[in-house]
Amino acid sequence: MMSVFDLLAARRSVRHYTDEPVAREDLRKIVEAGLMTPSSKNLRSTEMLVLEDRNLISQAAHCKPHFGEMLLKAPAAVVVLGRLDSHAWVEDASVTMLAMMLQATELGIGSCWVQVRHMVSEKTGPDGTPLSSSDYLKELLHFPDDMEAEAILALGHPSRAHQPRRLEETRPSRVHWGTF
């Protein structure tokens, strides 16, 4: 088993995948890692919507112009949703995303965080203004109005090997001890 540090070093944003499907058992382990994350006031404000249908995943890719292209080839994805009645749904959803990325890395599955919150889709609403990326996904996936999408985790078997990140690449000078 890899240490947390080694998992973080090995985790890379993977945007190109083989056609091999992600096994249901691996998907289950990935979302279970998301379920195990800490949650503000233990409210458990995060929910996950697992997508395995390639057509649906491709449609989800259009939730924002550009930067969602990796979903067009991803064999699986997880839409991470937050309940708006929680003051910390964004933080809870972000921790969930990180846990799922680390679990995917341990399983040899590539992943990439596709930002949704604060993004805008190309589709326009009835008033002619672009839908938010979350509203686009709400129309596509039918999740409740009291929820918002934080992000989509694209998942698949990497089409090429990635080297682990080295600590020197992370700009260690960003750490300040005592005062800035």
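Residues numbered from 1 in each chain as written. Predicted model: local features only at pLDDT ≥ 70, side-chain atom pairs only at ≥ 80, totals over all residues. Heavy atoms only, no water.

Colleague: How do you make sense of the environment of Leu56 when you look at a structure like this?
Modeller: Turning to its location among the elements, Leu56 is positioned in helix H3 (residues 54–60). The spatial distance from the C-alpha of Leu56 to the C-alpha of Leu155 is 14 Å, given a sequence separation of 99 residues. Each residue touching Leu56, except ones within four places of it in the same chain, is listed here: Leu51, Leu140 and Leu141. (Helix = DSSP H or I, 4+ residues; strand = E, 2+ residues; numbered from the N terminus. Contact = heavy atoms within 4.5 Å.)

Colleague: What's the story with the side chain of Asp26 in this structure? I'm lost.
Modeller: When you line up the elements, Asp26 lands in helix H2 (residues 24–35). Nearest to the buried, unbridged Asp26 among oppositely charged side chains is Lys29, at 4.8 Å. Excluding anything up to four places from it in sequence, Asp26 contacts Leu107 and Ile109. (Buried < 20%, exposed > 50% of the residue type's maximum accessible area, 1.4 Å probe, protein only. Lys, Arg positive; Asp, Glu negative; His and termini not counted. Salt bridge = Lys/Arg side-chain N within 4 Å of Asp/Glu carboxyl O.)

Colleague: For this particular structure, what's the right way to read the pattern of salt bridges?
Modeller: Side chains carrying opposite charge are able to pair once their charged atoms draw close together. What the rule picks out here adds up to ten salt bridges. Glu32 is paired through a salt bridge with Arg28; the nearest N and O atoms lie 2.5 Å apart. Placement of both Glu32 and Arg28 in helix H2 is noted, with a separation of four residues, approximately one turn of the helix. Across the pair Lys138 and Asp135 runs a salt bridge, and its minimum N-O distance is 3.9 Å. Taken together, the residues span about one helical turn, with Lys138 and Asp135 both in helix H5 (residues 133–141) at a distance of three residues. Relative accessible area serves as the criterion here: at 16%, Lys138 is assigned to the buried category. Taken together, the shared-partner salt bridges in this structure form one network comprising Glu25, Arg28 and Glu32.

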